[in-house]
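What the coordinates show
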Amino acid sequence: MIDSHTHLDACEPPDAELVAAAERAGVGRMLTVGTDGASCRAALAAAEAFPQVYAAIGRHPNEARGFDDGDLAELRALAAHERCRAIGETGPDFYRDHAPHEDQARAFSAQIALAREVGKPLVIHTRAADEQTLAQLSAEADGVSVVMHCFSMPDRLQECVERGYAISFAGNVTYRSAGDLAAAARRVPQERLLVETDAPYLTPQAVRKERNQPAFVVHTLAFLARLRGVAVDELEAAVERNAARVFGW
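A few points on the structure. (Residues numbered from 1 in each chain as written. Predicted model: local features only at pLDDT ≥ 70, side-chain atom pairs only at ≥ 80, totals over all residues. Heavy atoms only, no water.)

1. Digging into helix α4 (residues 101–118)
Owing to its 3.6 residues per turn, the α-helix aligns residues three or four sequence positions apart on the same side. Its 18 residues give α4 an end-to-end C-alpha distance of 26 Å, which sits within 8% of 26 Å, the value for a rise of 1.5 Å per residue. Looking at α4, one finds that the buried residues are D103, Q104, A107, F108, A110, Q111, I112, L114 and A115. Looking at the buried positions of α4, the neighbouring elements they touch are α3 (69–79), β4 (84–90), β5 (122–124) and α5 (130–140). G119 sits one or two residues past α4 and shows a positive phi near 70°. (Helix = DSSP H or I, 4+ residues; strand = E, 2+ residues; numbered from the N terminus. Expected span 1.5 Å × (residues − 1). Buried < 20%, exposed > 50% of the residue type's maximum accessible area, 1.4 Å probe, protein only. Contact = heavy atoms within 4.5 Å.)

2. Some points on the packing of aromatic side chains
By the definition in use, this model includes three aromatic pairs. Consider the rings of Y54 and W249, whose centres lie 5.2 Å apart with planes at 35°: the pair is tilted. Note that Y54 is positioned in strand β3 (residues 53–57) and W249 in the segment after α9 (232–247), a separation of 195 residues in sequence. Here F247 and W249 contribute two aromatic rings whose centre-to-centre distance is 5.1 Å and whose plane-to-plane angle is 35°, an arrangement assigned as tilted. Residue F247 shares its accessibility class with W249, and that shared class is buried. Of the aromatic side chains, those joined through ring pairs into one cluster are Y54, F247 and W249. The lysine or arginine in question, R127, covers the ring of Y95, its NZ or CZ lying 3.6 Å from the ring centre. Lying over the aromatic face of Y175, R208 brings its terminal NZ or CZ to 3.6 Å of the ring centre. (Phe/Tyr/Trp six-rings, centres within 6.5 Å; stacked < 30°, edge-to-face > 60°. Lys NZ or Arg CZ within 6 Å of the ring centre and 35° of its normal.)

3. With respect to the environment of N172
Along the chain, N172 turns up in the loop between β7 (166–169) and α7 (179–187). Taking the C-alpha atoms as reference points, N172 and R208, 36 residues apart in sequence, are found 9.8 Å from one another.

4. Considerations on the packing of α4 against α5
At their nearest, the axes of α4 and α5 sit 11 Å apart, and the two run at 40° to each other. Here α4 lies oblique to α5, going by the angle between them. For the pair α4 and α5, the crossing hand works out as right-handed. For the pair formed by α4 and α5, the contact residues are A105, F108, S109, I112 and R116 on the first element and T133, Q136, L137 and E140 on the second. Of the residues assigned to the contact of α4 with α5, the class counts are four nonpolar, three polar and two charged. (Axes fitted to C-alpha atoms, helices over the stretch in contact; angles between N-to-C directions. Parallel < 35°, antiparallel > 145°, perpendicular 65-115°, else oblique. Left-handed = near helix turned anticlockwise from the far one by under 90°. Nonpolar A, V, L, I, M, F, W, Y, C, P; charged D, E, K, R; others polar.)

5. Things to note about the packing of helix α2 (residues 37–49) against α3
Taken N-terminus to C-terminus, the directions of α2 and α3 make an angle of 5°; their axes are 11 Å apart at the nearest point. What the angle tells us is that α2 and α3 run roughly parallel. Every residue of α3 that contacts α2 at G37, C40, R41 and L44 is listed here: E74, L75 and L78. Of the residues belonging to the contact of α2 with α3, the class tally is four nonpolar, one polar and two charged.

6. Here we look at the sheet that holds strand β8 (residues 193–195)
Pairing within the open sheet is parallel, and its eight strands lie in the order β1-β2-β3-β4-β5-β6-β7-β8. The open sheet has two edge strands with one neighbour each: β1 (2–6) and β8. The sheet shows a mean angle of 25° between the axes of neighbouring strands, direction not considered. Pairing geometry for β7 and β8, over three bridges, is parallel. Note on β8: the bridge partner recorded for I167 is L193. The sheet strands contacting α9 are β1, β2 (29–33), β4, β6 (146–148), β7 and β8, and the helix crosses β8 at an angle near 95°. (Pairing = 2+ DSSP bridges.)

Function cannot be inferred from these measures alone, as they are strictly geometric.
What follows is the structure, encoded as structure tokens:
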């Protein structure tokens, strides 16, 4: 089993405990994602320390204020690490508005170009900005492998599928209030589907009283298997193949 998106540095137990718990649950690969310089370096350190862990290097839109050529140079240097397997998470977030929209767009554009330059997939964060996200990807990301992290635009699913994007679902797809996401998850072609925790956030419904961790991705997978009417083992194997193809691990 895999966790296609987590934040080990933001989880409370030490990395060794998180990785051990994930391994006991059958999670043998995970991508831990940086959101600024410090967390990117922490992600690479975790990837160096544990063979189950790989890193994504990026600047989150909420951290994009003042993004400049120096920030891009830092990302480029970190992305050269052999354990870096993706660029991002990046994209526009107009829900919290922690950074000016023009700074978010500039950081997004730079990371699209960096993903193309280094030949690695681009991990997308988008919130309250569906149109802006898809428009910038359409204009700038042709030929780049795109992962729609924590998929949140069910009414644009077909467009994302037609563009060839990987669609990753987090624990919120299991919530009783997320019927639109569940309906989208039922329709995603199997070869495009990924599963994630986004730990320590978005704990799956089955363990919602707990703080999320990579081990809990199995609950989201089980939910998706029931939703799609397939055996857990079958869906697990498909998701593993998809992640290996996208992230090259």
